[in-house]
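One-letter residues, chain by chain:
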Amino acid sequence: MLDARTLAIALVVTTLLSALMLQLASYGRMHLPGGRHWVVGLLLLAVTWGLMALRGVVPDVLSVLLANLLIFTAAVLLYAAMAEVVGLPPYPANLRWTAIIGGGGLSLAFFGGAIPMLMIFIVSLALTLLLVMSVRMLLRGATRMEAPARYAMGLWLGLCALILLVRTIGALVHPPASMQMTGPLHTLSMLAAQVIVLGCSLGFALMARETMVMELAQRATHDALTGAFNRYAFDPVGQAALTRLAREPGELSVLMLDIDHFKQINDEIGHLAGDEVLCEVARRIESLLRGGDMLARYGGEEFCILLPATGPAEALQVAERLRLAIACELFMLKGCSIKVTASIGVATVAEAMELKQLIGLADSALYGAKMAGRNRSYGPDLC
């Protein structure tokens, strides 16, 4: 008993309110990832519903062709918004081709005087493909535990794709007599659009918030320049590992690594070059560490490495591998190559103590490495 034209007008209001709420959420210092793409996409959808409500009042080239072309454009923008949230390129080639083929096919069908069934089939099928692409993008690498909002959004869009697929089949089984807003197919389409718009807008907002929370957690525990852990994250992990030694016999080692003559690099080549050195040193260290080891940037040019279940001899071997990885391959900076070396202090304990004490032992060993000539590892076995 519902009127499709009335539902289209309600959709205009629903879509505009969703766009307004998301736009308000992006004000101030908070930047909602993908928010601009999503809001523009919703505004285009609002125009689409308005044109559909005016079918029979305005020319078909506006209420049919333009309205459906706007749906394609809006779907592309919504995909781009979700891609931005998950950190992927917003406009991949397959997305562009899907939109071009769908929009081109619709235009040819319209100007070729195609029957309404064919036009509805083209629109529904193209949108279904876009939704399937979105589902594939969201669910790839997402888990219910680590990214619940992204995971739920992927499942929701999968349900939306199924609804559109049913609409596609319905256009073939019960073809409408015209493109006017009459008949059960158009009414069901408007009802489905209401549910899809509300659910997708809520899901996108939750997914964007989830991404922002994860980014804040990353910034709080990782060094912004090198990507290594910072002291805020390192200290509790190191202290917990030391505390376990009181219950579980074993050994634990810490390496303190300092880049030799780093101030000279900054003064002679520039601070940007110094930043590149820090990032490359961190990358080389990370490539040689085990899964349970932990790297942290502990100071300006100083790194700290936690080596659980590692005795002094093995820790010195690890230190030597790290030292050689830094010293044996030249660093390319501003078109020229320079040699970078590092001094490493090693400390190993077999009983619980305060982390600052263990760091102090490693720092003393690092001082010994510098006094011995730099570019060397220094520990209990080398004293």
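Calculation rules
- Residues numbered from 1 in each chain as written.
- Predicted model: local features only at pLDDT ≥ 70, side-chain atom pairs only at ≥ 80, totals over all residues.
- Heavy atoms only, no water.
- UniProt positions renumbered as here; feature names shortened; annotations may be inferred.
- Patch = residues over 30% accessible without salt bridge, like charges linked within 9 Å, V, L, I, M, F, W, Y side chains within 5 Å.
- Areas by Shrake-Rupley, 256 points an atom, 1.4 Å probe, with all protein chains shown as cover.
- Salt bridge = Lys/Arg side-chain N within 4 Å of Asp/Glu carboxyl O.
- Helix = DSSP H or I, 4+ residues; strand = E, 2+ residues; numbered from the N terminus.
- 1 Å grid on protein atoms, 1.4 Å probe; cavity = no way out; pocket = protein on both sides within 12 Å on 5 of 7 lines; lining within 4 Å.
- Points joined across faces, edges and corners; volume = space filled by probe spheres on them.
- Phe/Tyr/Trp six-rings, centres within 6.5 Å; stacked < 30°, edge-to-face > 60°.
- Buried < 20%, exposed > 50% of the residue type's maximum accessible area, 1.4 Å probe, protein only.
- Lys NZ or Arg CZ within 6 Å of the ring centre and 35° of its normal.
- Pairing = 2+ DSSP bridges.
- Contact = heavy atoms within 4.5 Å.
- Axes fitted to C-alpha atoms, helices over the stretch in contact; angles between N-to-C directions.
- Parallel < 35°, antiparallel > 145°, perpendicular 65-115°, else oblique.
- Left-handed = near helix turned anticlockwise from the far one by under 90°.
- Nonpolar A, V, L, I, M, F, W, Y, C, P; charged D, E, K, R; others polar.

The name an unreviewed UniProt entry gives the chain is diguanylate cyclase, with Chitinimonas prasina as the organism. Its UniProt record, at the heading Catalytic activity (unreviewed entry), says of the chain: "2 GTP = 3',3'-c-di-GMP + 2 diphosphate".

1. A closer look at a nonpolar patch on the surface
Residues Leu159, Leu162, Ile163, Leu165, Val166 and Ile169 make up a contiguous nonpolar surface patch of about 490 Å² in total accessible area. With respect to the helices and strands, the residue Leu165 is situated in helix α6 (residues 148-173).

2. Some points on the layout of surface pockets
When its volume is computed, the second largest pocket comes out at roughly 180 Å³. Every residue along the wall of the second largest pocket is listed here: Tyr79, Ala83, Leu88, Pro89, Pro92, Asn94, Met133, Arg136, Met137 and Arg140. Among the elements that make up the lining of the second largest pocket, the one with the highest residue count is helix α5 (residues 116-139) (three residues).

3. Some details on the packing of aromatic side chains
Enumeration over the complete set of coordinates arrives at two aromatic pairs. For the pair Trp38 and Phe204, a centre-to-centre distance of 4.3 Å together with 5 degrees between the ring planes defines the contact as stacked. Placement of Trp38 in helix α2 (residues 35-53) and of Phe204 in helix α7 (residues 184-221) is noted, with a sequence separation of 166 residues between them. Both residues of the pair, Trp38 and Phe204, belong to the buried class. Lying across the ring of Tyr298, Arg231 places its NZ or CZ 4.1 Å from the centre.

4. Things to note about the sheet that holds strand β1 (residues 252-259)
The strand order across the open sheet built from five strands is β2-β3-β1-β6-β7, with neighbouring strands paired in mixed fashion. At either margin of the open sheet sits one strand with a lone partner, and together these are β2 (294-297) and β7 (377-378). Where β1 lies against strand β6 (residues 342-349), eight bridges are found, and the strand directions are antiparallel. Among the inter-strand pairings, Val254 is bridged to a residue of β6, identified as Ala347. Contacts from helix α11 (residues 312-327) reach β1, β3 (302-308), β6 and β7 within the one sheet, and its direction differs from that of β6 by about 165 degrees. Taken strand by strand, helix α12 (residues 355-371) contacts β1, β3, β6 and β7, and its axis lies near 140 degrees from that of β6.

5. Examining the pairing of β1
β1 sits mainly inside the fold: eight of its eight residues count as buried. By the alternation rule, side chains of β1 split into Leu252, Val254, Met256 and Asp258 and Ser253, Leu255, Leu257 and Ile259, which are all buried. Where β1 and β3 come together, seven bridges link them in antiparallel fashion. Looking at the pairing, Ser253 lines up with Leu307 of β3.

6. What about the pattern of salt bridges?
Enumeration over the complete set of coordinates arrives at eight salt bridges. Taking the shortest distance from any N to any O, the salt bridge between Glu280 and Arg283 comes out at 2.6 Å. With Glu280 and Arg283 both in helix α10 (residues 271-288) and three residues apart, this pair spans about one turn of that helix. The exposure class of Arg283 is partly exposed, given its relative accessible area of 46%. The partner of Arg290 in a salt bridge is Glu314, and the shortest N-O contact between them spans 3.4 Å. Taken together, the residues Arg290 in the loop between α10 and β2 and Glu314 in helix α11 connect sequence positions 24 residues apart.

7. Re the packing of α10 against α11
Packing of α10 against α11 leaves a shortest axis separation of 10 Å and a crossing angle of 140 degrees. Taken as axis vectors, α10 and α11 run oblique relative to one another. Handedness of the crossing formed by α10 with α11: right-handed. From α10, Val281, Arg284, Ile285 and Leu288 reach across to α11, where they touch Arg321, Leu322, Ala325 and Ile326. Residue composition of the contact of α10 with α11, grouped by class: six nonpolar, no polar and two charged.

8. So, the UniProt feature "transmembrane region" (unreviewed entry) in the chain
Per the UniProt annotation, the sites labelled "transmembrane region" (unreviewed entry) are residues 6-26, 38-58, 64-82, 94-112, 151-173 and 185-208. For residues 38-58, the helix share is 76%, the strand share is 0%, and the end-to-end C-alpha distance is 28 Å. For residues 64-82, the helix share is 100%, the strand share is 0%, and the end-to-end C-alpha distance is 27 Å.

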